[in-house]
Amino acid sequence: MAAYSYRPGPGSGPGPAAGAALPDQSFLWNVFQRVDKDRSGVISDSELQQALSNGTWTPFNPVTVRSIISMFDRENKAGVNFSEFTGVWKYITDWQNVFRTYDRDNSGMIDKNELKQALSGFGYRLSDQFHDILIRKFDRQGRGQIAFDDFIQGCIVLQRLTDIFRRYDTDQDGWIQVSYEQYLSMVFSIV
Amino acid sequence: MQYGGAPGGPTFPGQTQDPLYGYFAAVAGQDGQIDADELQRCLTQSGIAGGYKPFNLETCRLMVSMLDRDRSGTMGFNEFKELWSVLNGWRQHFISFDSDRSGTVDPQELQKALTTMGFRLNPQTVNSIAKRYSTSGKITFDDYIACCVKLRALTDSFRRRDTGQQGMVNFSYDDFIQCVMTV
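Heads up: these notes are all about the structure in this document. Keep in mind the model is a prediction, meaning the values are calculated, not measured.

**So, the overall build of chain A**
And then number 1: Looking only at helices and strands, one finds 8 helices and 3 strands in chain A.
And then number 2: Counted from the first residue to the last, chain A has its helices and strands arranged as α-β-α-α-β-α-α-α-α-β-α.
And then number 3: Its C-alpha atoms give chain A a radius of gyration of 17 Å, within 12% of the compact-globule value 16 Å for 191 residues.
And then number 4: C-alpha atoms of chain A, sized along the principal axes, occupy 50 × 40 × 30 Å.
And then number 5: In chain A, buried positions account for 50% of the 191 residues.
And then number 6: Intrachain contacts of chain A at a sequence separation of at least 6 include 57% that bridge at least 24 residues.
And then number 7: Of the charged side chains in chain A, 20 are positive and 23 negative; the average position of the first set lies 2 Å away from that of the second.

This is the structure in structure tokens:
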């Protein structure tokens, strides 16, 4: 019995499954132009970072920004053009909706219990202890709760680790056997 | 009894003679522990980065978690000393490969550096590591250190589970993600 089965949820592909409908192109184009400050036609990591808010009055996590841009940048240019940006917009909007859904006390942060609900809502079956570990690793604000940008990054890493574990768990019993080198190559690109 | 120059730290005999203690004590509080921010300041002041730019905060966080055995998010003076000697070793390696003193090495030199450090990794693994850490095809000193720290932390986490010293480990899903996330 696989201890980690999950149905596709937010972050399982380039974006949460049941997501926001795309607004019209002229709206998105306006947003794009405002974010693309240097009018290069490409939104860079730093331009996207400046446009996003994590609700803590501190800069949006640059690692999360990098993860998102690289997810949608199909030309390896370290940025997104307008067409790719529409994907970015939807992705972030969907995450905002997810975050709002699980931030049940509307504190602007997700605490351990809300995190447990969120991850189990995505279909993960994880130990209680794991949630402490995730918060400790991703919470950059140091408050034992997790802000919007760190929440996204934590979920992205969890999804990537789960995907790679599955790839090795060919008999789907929830166990893998790996050598040192396999372990390194599995994990190095993710964390 | 007053030991000169050491504001409020532990005062066992001999410790204040250690020059490293000066840097450490300058940033550590009453609890004798430093976090990632303080480590960054401490390393910058000590000049360990030599002619190279100081470490970025993320690298310092990695260093704290590498030695943070009690998972407190901070390190004490003994751990700092351990870190210092490890960093010095890695820095010597980097210098020996940065022949043009540019402050960067290329992926091939990274491969050689990893091998001389004793990591026996297959070419594909090294390639993906190099790709992960290069900016415009070059690896800066800071990223090189981040790479070394991560390699060492991952190696330690694997070894701790390889109790039979087989070079193979069985992971359950939960164990795997916990193990990786605590690195």
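**Observations regarding the interface of chain B and chain A**
And then number 1: Counting residues at the interface gives 32 residues for chain B and 35 residues for chain A.
And then number 2: Buried area between chain B and chain A, both sides added, is near 3,200 Å², and the carbon and sulfur share of it is 69%.
And then number 3: Its largest share of buried area at the contact with chain A, chain B owes to Tyr-173, Phe-176 and Met-181 of chain B, together 26% of the area lost on that side.
And then number 4: The interface formed by chain B and chain A contains 0 salt bridges.

**With respect to unusual backbone geometry**
And then number 1: Phi is positive for Ala-78 of chain A, close to 60 degrees, though the residue is something other than glycine.
And then number 2: Along the chain, Ala-78 of chain A turns up in the loop between helix 3 (62-72) and strand 2 (79-80).
And then number 3: The class for Ala-78 of chain A is partly exposed, based on a relative accessible area of 46%.
And then number 4: Phi at Gln-165 of chain B is positive, roughly 50 degrees, even though this residue is not glycine.
And then number 5: Position of Gln-165 of chain B relative to the elements: it lies in the loop between helix 7 (141-161) and strand 3 (168-172).

**What to know about the layout of surface pockets**
Residues and elements named next belong to chain B.
And then number 1: Within this model, the second largest pocket holds a volume of roughly 280 Å³.
And then number 2: Per-element accounting of the lining of the second largest pocket gives the leading share, 3 residues, to helix 7.
And then number 3: Considered class by class, the residues forming the lining of the second largest pocket number 4 nonpolar, 4 polar and 3 charged.

**Regarding the environment of Ser-157 of chain B**
Residue and element names in this part refer to chain B.
And then number 1: Here Ser-157 lies in helix 7.
And then number 2: Note on Ser-157: relative accessible area 3%, which makes it buried.
And then number 3: Separated by 91 residues in the primary sequence, Ser-157 and Met-66 have C-alpha atoms spaced 9.9 Å apart.

**Overview of the packing of aromatic side chains**
Aromatic ring pairs: the centre-centre distance and the angle between the two ring planes describe each pair.
And then number 1: Under the definition given, this model contains 28 aromatic pairs over all chains.
And then number 2: With a centroid separation of 5.5 Å and 65 degrees between ring planes, the pair formed by Phe-32 of chain A and Phe-85 of chain A is classed as edge-to-face. Here Phe-32 of chain A is found in helix 1 (residues 25-35), whereas its partner Phe-85 of chain A is found in helix 4 (residues 82-102), with 53 residues between them in sequence. Note on accessibility: Phe-32 of chain A and Phe-85 of chain A belong to one class, buried.
And then number 3: Ring geometry for Phe-165 of chain A and Tyr-173 of chain B: centres 5.4 Å apart, planes at 70 degrees, overall edge-to-face. Here Tyr-173 of chain B lies in helix 8 (residues 173-181) and Phe-165 of chain A lies in helix 7 (residues 148-168), a pairing that spans two chains.
And then number 4: A relative accessible area of 0% places Phe-165 of chain A in the buried class.
And then number 5: Note on Tyr-173 of chain B: relative accessible area 1%, which makes it buried.
And then number 6: Three or more aromatic residues joined by ring pairs form one cluster here, namely Phe-60, Phe-72, Tyr-91, Trp-95, Phe-99, Tyr-102, Phe-122, Phe-148 and Phe-151 of chain A.

Conventions we followed
- Residues numbered from 1 in each chain as written.
- Chains lettered and ligands numbered in written order.
- Predicted model: local features only at pLDDT ≥ 70, side-chain atom pairs only at ≥ 80, totals over all residues.
- Heavy atoms only, no water.
- Helix = DSSP H or I, 4+ residues; strand = E, 2+ residues; numbered from the N terminus.
- Rg over C-alpha atoms; globule rule 2.2 N^0.38 Å.
- Buried < 20%, exposed > 50% of the residue type's maximum accessible area, 1.4 Å probe, protein only.
- Contact = heavy atoms within 4.5 Å.
- Lys, Arg positive; Asp, Glu negative; His and termini not counted.
- Charge placed at Lys NZ, Arg CZ, Asp CG, Glu CD.
- Buried area = accessible area lost by both parts, 1.4 Å probe.
- Salt bridge = Lys/Arg side-chain N within 4 Å of Asp/Glu carboxyl O.
- 1 Å grid on protein atoms, 1.4 Å probe; cavity = no way out; pocket = protein on both sides within 12 Å on 5 of 7 lines; lining within 4 Å.
- Points joined across faces, edges and corners; volume = space filled by probe spheres on them.
- Nonpolar A, V, L, I, M, F, W, Y, C, P; charged D, E, K, R; others polar.
- Phe/Tyr/Trp six-rings, centres within 6.5 Å; stacked < 30°, edge-to-face > 60°.

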